[in-house]
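# Inside the fold
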Amino acid sequence: MMDPMDRAATQRQKRMIKNRESAARSRERKQAYIAELEAQVTQLEEEHAELLREQVCFWFCLSLE
């Protein structure tokens, strides 16, 4: 049978390992979220550029009338 000090040390070790694993999962989720946001930014920048081109064409066409 383990003495209370060994048992406490073992439990502390297990908690530290679980905490480390939880932190690693949290970092992975954060990285995935950031990658998703970066992809969204890229898509929105492309959409914005397209809308600006359409606006220029629209105003050019109006100026020809």
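Everything numeric here is computed off the predicted structure, so don't read it as measured data. (Residues numbered from 1 in each chain as written. Predicted model: local features only at pLDDT ≥ 70, side-chain atom pairs only at ≥ 80, totals over all residues. Heavy atoms only, no water.)

To continue, consider the UniProt feature "coiled-coil region" (unreviewed entry) in the protein chain. As recorded in UniProt, the sites labelled "coiled-coil region" (unreviewed entry) are residues 27-54. Each end of residues 27-54 is marked by a C-alpha atom, and these two atoms are 40 Å apart; helix forms 100% of the span and strand 0%. (UniProt positions renumbered as here; feature names shortened; annotations may be inferred. Helix = DSSP H or I, 4+ residues; strand = E, 2+ residues; numbered from the N terminus.)

Once that is clear, we can look at a nonpolar patch on the surface. A contiguous nonpolar surface patch, about 270 Å² in accessible area, is contributed by Tyr33, Ile34 and Leu37. Mapped onto the fold, Tyr33 is located in helix 1 (residues 4-64). (Patch = residues over 30% accessible without salt bridge, like charges linked within 9 Å, V, L, I, M, F, W, Y side chains within 5 Å. Areas by Shrake-Rupley, 256 points an atom, 1.4 Å probe, with all protein chains shown as cover. Salt bridge = Lys/Arg side-chain N within 4 Å of Asp/Glu carboxyl O.)

As a further point, take the state of the cysteines. For the coordinates displayed, the defined rule picks out 0 disulfides. Summary of cysteine pairing: Cys57 is not part of a disulfide, and the nearest cysteine sulfur, belonging to Cys61, is at 6.4 Å. By relative accessible area, which is 47% here, Cys57 ends up partly exposed. (Disulfide = S-S within 2.5 Å. Buried < 20%, exposed > 50% of the residue type's maximum accessible area, 1.4 Å probe, protein only.)

For the coordinates displayed, the defined rule picks out 1 aromatic pair. Look at Phe58 and Trp59: their rings are 5.3 Å apart centre to centre, the planes differ by 75°, and that puts the pair in the edge-to-face class. On the basis of relative accessibility, which here comes to 47%, the residue Phe58 falls in the partly exposed class. Given the relative accessible area of 52%, Trp59 is considered exposed. (Phe/Tyr/Trp six-rings, centres within 6.5 Å; stacked < 30°, edge-to-face > 60°.)

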